[in-house]
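Each chain, written out:
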Amino acid sequence: MELAVIAVPAERVTQVVLECAAVGVKTLLIISSGFAEVDEAGAARQQEVLRLARTHGMRVLGPNSFGLINNDPAVSLNATLTPVIPRPGHLGLFSQSGALAIANLDSAARRNLGISVFASAGNRVDVSGNDLMQYWVDDERTHAVGLYLESMGNPRKFSRVARHLASNKPVIVVKPASATYGAPPGHKVRKPKVKPHVFGSMLQQAGVIHCENVHQMFDVAQLLVHQPLPAGRRVAIVGNSSQLAALCADNATERGLEVVHGPVAIPTEASAREFQRAVDAAFGDPDVDSVIVCFIPPVGALDQEVVDALRHAASRSDKPCVATLLGLRGVDEGGDAAFLHETGEVADDTPRQAVPLYPMPEEAIRALALATDYGQWRDKDKGETVVRDGIDRWAARALLDRVLEEDPEGRALTSDESRELLAAYGIDVWPRFEVADADEAVAIAEEIGYPVVVKSLSPLVRGQALLEGIRVDLHDAHAVRSAFETLDRRLAPMDANYFVVQRMARPGVSTVLSTLEDPLFGPVVSFSIAGAPTTLLDDIAYRIPPLTDVDVRELVEDLKLAPLLMGHDGAAPVDRAALEDILGRLSIMSDDFLELSSVELNPVVAHPEGATVLGADVMIAPVTRRRIDTGARSLT
């Protein structure tokens, strides 16, 4: 027996699980509630169900699941409580919440958007969105995937699986970037340390389309399922209102699309034939990648000839089309967006071509822009996994073991230990020497050679423009002594007067490269420009290792302040290859050792001749858990 659906009081579920095991059931769909979402007793009951299922080799969907739908004609399964079942189609849907599952299915049905498989994970004790995505990789009837995620148990695995799936099928995710109120009751989730928009960066890295709500998810899905992928960002705009056409053009430009045809506005009273000629010209323009159509009927209902003209033009082209046709007739009723009637006979596992309709042009253009971004991600070179020469993992391992043997609870590495660790990965950190007074500062400067800098290591002054804690380009003993005494007088009242002397680096752009071992995401690599503006504007780029060379390049390019590195305002461009080399080495190191609680290289001065690492702070901690990133799991 492949599947048993359990909908009995929670107290009886364990007994039913045992009965299912006795007759060889492979998968359990537990609709019953009253588990971890309720109280501690329910959580214990949930763990017992999971233990029994694993003991007997069964998979579990739920508990507290809304159910499962499989519209494959060979299966035709509806094991849900929904009164509305979307027609068979090619969108795979996954939801955790039962309430949102109802909304998802209802919205799909109102839009005439067919689904292949729907699953609700409930408390997600076993089968998760990662499992469903692995299933959809090989499911020929599923051409796009939509997931509503309230929590995520294993983002590292999600990133890997989603990237694999998205390389062939669009993956659309709805999840609030900021979980202010925590995970839903019953969901076991580790609390992350990183900032909320790391999640968005992870989706971007994996090629996943991130939407703010279910409405936007279906806006994109109805385009991706029933239209070709855009080949580029060039669009044509055709309408019968100059104001509406101009609005479309402005909105398209704002979303990064390039208007190369039009906006064409035919007269409001124009005939269907004139409308067809304008649409045909847009589709026939070789410089156009996608077509946006907006039509307002002058009086009364929309002329069916206009609908036919648009359908006819779109069906003969391999270019995607989105449309806003106000005052619809002959279009599926009851929704805020729908499809024109599908045309043509195709195989059961291939979507019929249909033009997606939207109530407002902004919604159509947003969907088209997201689809275009996805198409460009899918076509681009993904790069090769980062490798670097000159890495001595055994030396790094020996250092970490030595420190943890001395301090089992972990600690911050000393400057010498940090330099030794990073040197094992080919990262050269310039030495800095702590000094207690002006005489010692002068002695160190004489020893390492001029010019030098004197700077405070206090976090109160790091990156501050108003509270200066550094003196640079000091060429003699008098300058060093004067700099130390001036800084000491200024910073002593704030207990920020602990100083180092270091060789003067070549001028350039100060950057911050760091990695953090997050309880939820695992290692997270970040890059930013040093300084208060970055902190205030949160202009920090993130990626999840293992990285490719393209990931590393985009990590640098994603910053709003990235032009400072490219030769902004007449300055010479920095040596990005040197900067990316350090980022690659840091990402490899963070992926190799869970003990690296955090590593911050600050500042790393990027200049035309290279990149100089002037500071490094490393915190290590004992390993209390292992990263969970298992391979594909059978659903039966």
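The rules behind these values
- Sequence order as written defines residue numbering, which begins from 1 separately in each chain.
- It should be noted that, the model being predicted, local features are given only for residues of pLDDT at least 70 and side-chain atom pairs only at 80 or more, the latter also being counted only at that level, while totals for whole chains, interfaces and linings use all residues.
- The side-chain quantities take in all heavy atoms of the structure and omit both hydrogens and water.
- We count a stretch as a helix when DSSP gives it H or I for four or more residues in a row; a strand needs E for two or more, and each element gets its number in order from the N terminus.
- The buried label goes to any residue with under 20% of its type's maximum accessible area, the exposed label to any with over 50%, and the partly exposed label to all in between, with areas taken from a 1.4 Å probe on protein chains only.
- It only takes one pair of heavy atoms within 4.5 Å for two residues to be counted as in contact.
- Residues belong to a common nonpolar core when they are buried Ala, Val, Leu, Ile, Met, Phe, Trp, Tyr or Cys residues joined through side-chain atoms within 4.5 Å.
- When a carboxyl oxygen of Asp or Glu is within 4 Å of a side-chain nitrogen of Lys or Arg, the pair counts as a salt bridge.
- A 3.5 Å cut-off defines polar contacts: any pair of N or O atoms within that distance qualifies, except that in protein one atom must be a possible hydrogen donor and the other a possible acceptor, and neighbouring residues in sequence count only when both atoms are side-chain atoms.
- Only a pair of cysteine sulfur atoms within 2.5 Å counts as a disulfide in this structure description.
- Pairing between two strands is assigned when DSSP locates at least 2 bridges connecting them.
- Interaxial angle, 0 to 180 degrees, is taken between N-to-C directions of lines fitted to C-alpha atoms, where a helix line uses only the stretch in contact.
- Angular relationships are summarised with four words: roughly parallel below 35 degrees, roughly antiparallel beyond 145, roughly perpendicular across 65 to 115, and oblique for the angles in between.
- Polar here means any residue other than Ala, Val, Leu, Ile, Met, Phe, Trp, Tyr, Cys and Pro, which are nonpolar, and Asp, Glu, Lys and Arg, which are charged; Gly is therefore polar.
- Between the first and last residue of a helix there are one fewer steps than residues, each counted as 1.5 Å, and that sum is the expected span.
- The arc in question is the one traced by the directions running from the helix axis out to the C-beta atoms.
- Each crossing gets its hand from how the near helix is turned against the far one by less than a right angle, where anticlockwise is left-handed and clockwise is right-handed.

The name an unreviewed UniProt entry assigns to the protein is CoA-binding protein, from the organism Janibacter hoylei PVAS-1.

Overview of the overall build of the protein
For the protein, the helix and strand inventory stands at 18 helices and 25 strands. Out of the 636 residues in the protein, the part that is buried amounts to 52%. For the protein, long-range pairs separated by at least 24 residues make up 74% of all intrachain contacts whose partners lie at least 6 apart in sequence.

Looking at the nonpolar core
Within the largest apolar cluster, 81 residues are counted, with the highest numbers of intra-cluster contacts made by F158, V173 and F521. Other than its neighbours up to four places away in sequence, V173 contacts L147, L149, F158, F199, L203, V208, I209, H210 and C211. Listed in part, the 44 residues of the second largest apolar core include A396, I582, I588 and L601.

Details of unusual backbone geometry
At the junction of G62 and P63, the peptide bond is cis and its omega measures out at -5° in the coordinates. Tracing the backbone through its elements, the reader meets P63 in the loop between β3 (59-61) and β4 (67-70). Residue Y450 is joined to P451 through a cis peptide bond whose omega torsion reads -5°. Checked against the element boundaries, P451 lands in the loop between α14 (438-448) and β17 (452-456). Backbone geometry places R124, a non-glycine residue, at a positive phi of 55°.

Considering the pattern of salt bridges
On inspection of all chains with the given rule, the structure shows 33 salt bridges. Each of K380, R543, E554 and D558 takes part in a single network of salt bridges with overlapping partners.

A few points about the environment of S315
Along the chain, S315 turns up in helix α10 (residues 304-315). Along the chain, S315 and A354 lie 39 residues apart, while their C-alpha atoms are 7.8 Å from each other. A distance of 2.9 Å separates a polar atom in the side chain of S315 from the backbone oxygen of H312.

Describing the state of the cysteines
One covalent bond between the sulfur atoms of two cysteine residues makes up a disulfide. In the structure shown here, the tally under the stated rule is 0 disulfides. Among the cysteines around C321, which has no disulfide bond, C294 carries the closest sulfur, lying 9.7 Å off. Looking at C321, the relative accessible area reads 1%, which means it is buried.

Notes on the environment of A436
In this structure, A436 sits in the loop between β16 (433-435) and α14. Residues A436 and Y498, 62 residues apart in the sequence, show an inter-C-alpha distance of 7.2 Å.

What to know about the sheet that holds strand β5 (residues 77-80)
Taken together, the 7 strands give an open sheet; going across it, the order is β5-β4-β7-β6-β8-β9-β10, and neighbouring strands pair in mixed fashion. Each having just a single partner strand, β5 and β10 (209-211) make up the two edges of the open sheet. On average, adjacent strands in this sheet sit at an angle of 20° to one another, irrespective of strand direction. As paired strands, strand β6 (residues 88-95) and strand β8 (residues 144-148) are joined by 5 bridges and run parallel to one another. Residue pairing in the sheet places L93 in a bridge with G146 of β8.

Structural notes on the packing of helix α1 (residues 10-22) against helix α2 (residues 40-55)
Two elements in contact, α1 and α2, have axes whose closest approach is 10 Å; the angle formed by their N-to-C orientations is 5°. One way to sum up the angle between α1 and α2 is to call them roughly parallel. For the pair α1 and α2, contact is made by A10, E11, V13, T14, V17 and L18 and by R45, E48, V49, L52 and A53, respectively. Partitioned by chemical class, the residues of the contact of α1 with α2 number 7 nonpolar, 1 polar and 3 charged.

Structural notes on helix α12 (residues 393-406)
Taking 1.5 Å of rise per residue, the 14 residues of α12 would be expected to cover 20 Å, and the 20 Å separating its terminal C-alpha atoms lies within 8% of that figure. Here α12 has its buried residues at A396, L399, L400, V403 and L404. Down the axis of α12, the buried side of the element spans an arc of 125°, and every buried residue falls inside it. Away from its buried face by more than 90 degrees, α12 exposes W394, E405 and E406. On its buried face, α12 is in contact with β15 (411-412), α13 (415-423), β23 (596-607) and β25 (616-620).

Thoughts on the packing of helix α9 (residues 272-284) against α10
At a minimum axis distance of 9 Å, the contact between α9 and α10 shows a crossing angle of 20°. If you check the angle between α9 and α10, you find them roughly parallel. Helix-helix and strand crossings are classified by hand; for α9 and α10 the assignment is right-handed. Contacts between α9 and α10 involve A272, F275, Q276, V279, D280 and F283 from the first element and E305, V306, A309, L310, H312, A313 and A314 from the second. Taken together, the residues of the contact of α9 with α10 break down into 9 nonpolar, 2 polar and 2 charged.

Thoughts on the pairing of strand β20 (residues 509-518)
Burial analysis of β20 places 8 of its 10 residues in the buried class, which makes it a mostly covered element. Relative to β23, β20 runs antiparallel, the two being bridged by 7 bridges. Bridge pairing in β23 places L513 opposite L601. Relative to strand β21 (residues 522-529), β20 runs antiparallel, the two sharing 8 bridges. From the neighbouring strand, L516 faces β21, where its bridge partner is V524. Counting the residues in the hairpin turn of β20 and β21 gives 3 residues.

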